[in-house]
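# A look at the structure
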Amino acid sequence: MKISALKLVTLPVLAGALAMTGHGQVGPRAVEGAGCVWEGEETGCLMVTDKETDVLYNLLITSGERPAIGTGVFFMGNLHQGQTACMQGRPVDVKSWVKRKMPCSEPEKKKNKPSPY
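Given the structure is predicted, the values throughout are model-derived calculations rather than measurements. Sequence order as written defines residue numbering, which begins from 1 separately in each chain. Confidence filtering applies because this is a predicted model: local features only for residues at pLDDT of at least 70, side-chain atom pairs given and counted only at 80 or more, and all residues used for totals across whole chains, interfaces and linings. Processing note: side-chain calculations cover all non-hydrogen atoms of the structure and skip hydrogens and water entirely.

### So, the overall build of the protein
- Scanning the protein for helices and strands turns up one helix and five strands.
- In this text, helices come from DSSP runs of H or I with a minimum length of four residues, and strands from runs of E with a minimum of two, each type numbered from the N-terminal end. When the helices and strands of the protein are listed from N to C terminus, the series reads α-β-β-β-β-β.
- Relative to its 117 residues, the protein shows a buried fraction of 33%.
- Should any heavy atoms of two residues lie within 4.5 Å, those residues are considered in contact. For the protein, long-range pairs separated by at least 24 residues make up 60% of all intrachain contacts whose partners lie at least 6 apart in sequence. Partly exposed describes any residue whose relative accessible area lies between the buried limit of under 20% and the exposed limit of over 50%, with all areas from a 1.4 Å probe on protein chains only and scaled to the type maximum.

Printed below as a string of structure tokens:
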């Protein structure tokens, strides 16, 4: 009898705990990439099309120096949660970036690919 009472109490508690974990906010996802910086459609937006994956990123740099347009960079950060004014690419909260030597030219039609999300 004790076992069945334990099952009756444990099963709903376990099911509730599993249901709540599915609704929690997912933490930031780490991102890194390398490419040439170019200006987005909106003023002040820094865009980079990753050389390896061809994914378009919107670099959000809130402090420190910003890379110049036409500069090759390697960046690391987390995917930004929420909307941005740039409305292009995957927004990334940049934690760090460094210059990289690479040939940079104006991208073809700025590679304005639709965002995959």
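### Regarding the state of the cysteines
- To count as a disulfide, a pair of cysteine sulfur atoms needs to be within 2.5 Å. Considering all chains together, one arrives at two disulfides under this definition.
- Here Cys36 is linked by a disulfide to Cys104, with a sulfur-sulfur distance of 2.1 Å. Around the S-S axis, the bridge from Cys36 to Cys104 shows a dihedral of about -85° and counts as left-handed. With Cys36 in strand E1 (residues 30-39) and Cys104 in the segment after strand E5 (90-99), the pair connects residues that are 68 residues apart, well separated along the chain.
- Residue Cys36 is classed as buried on the basis of its relative accessible area of 10%.
- Since its relative accessible area comes to 27%, Cys104 is described here as partly exposed.

### With respect to the pairing of E1
- The element E1 is extensively covered by neighbouring structure, given that seven of its 10 residues are classed as buried.
- Strand pairing follows a simple DSSP-based rule, namely that at least 2 bridges must link the two strands. Pairing of E1 with strand E4 (residues 72-79), which is carried by seven bridges, proceeds in the antiparallel orientation. Across the sheet, residue Ala34 finds its bridge partner in E4, namely Phe74.
- Counting the residues between successive antiparallel strands, the hairpin from E1 to strand E2 (residues 46-49) contains six residues, one of them, Gly44, with a positive phi of roughly 85°.

### Quick notes on the environment of Val31
- Among the secondary structure elements, Val31 is positioned in strand E1.
- For Val31, a relative accessible area of 11% translates into the label buried.

### Let's talk about the confidence of the model for the protein
- Across the protein, the average pLDDT comes to 78, with 66% of residues at 70 or higher.
- Counting contacts from residues 13-26, a segment whose pLDDT is below 50, to residues more than four positions away or on other chains yields one contact.
- Of the regions scoring below 50 in pLDDT, residues 109-113 engages in 12 contacts with residues more than four places distant in sequence or in other chains. What pLDDT conveys is the predictor's confidence in a given residue, as a value from 0 to 100.

### Some remarks on the nonpolar core
- The definition of a nonpolar core used throughout is a set of buried Ala, Val, Leu, Ile, Met, Phe, Trp, Tyr and Cys residues joined through side-chain atoms within 4.5 Å. Within the largest apolar cluster, 14 residues are counted, with the highest numbers of intra-cluster contacts made by Tyr57, Leu59, Phe75, Val92 and Val94.
- Looking at this core, the elements with two or more residues in it are E1, E2, strand E3 (56-60), E4 and E5.
- Look past the residues within four positions of Val94 in its chain and what remains in contact with it is Leu59, Leu60, Ile61, Phe75, Met76 and Gly77.
- Counting five residues, the second largest nonpolar core, distinct from the first, contains Trp38, Cys45, Leu56 and Cys86.

### A word on the packing of aromatic side chains
- Any two of the Phe, Tyr and Trp rings considered here, Trp counted by its six-membered ring, make a pair once their centres fall within 6.5 Å; the pair's planes then place it as stacked at under 30 degrees, edge-to-face at over 60, or tilted in between. In total, this model carries one aromatic pair according to the counting rule given.
- With centroids separated by 5.4 Å and ring planes inclined at 70°, the aromatic side chains of Tyr57 and Phe75 adopt a geometry described as edge-to-face. Of this pair, Tyr57 sits in strand E3 while Phe75 sits in strand E4; the two residues are 18 residues apart in sequence, bridging distant segments of the chain.
- A residue is classified by how much of its surface remains accessible, and Tyr57, at 7% relative accessible area, is buried.
- In this structure Phe75 comes out as buried when scored by relative accessible area, which is 0%.

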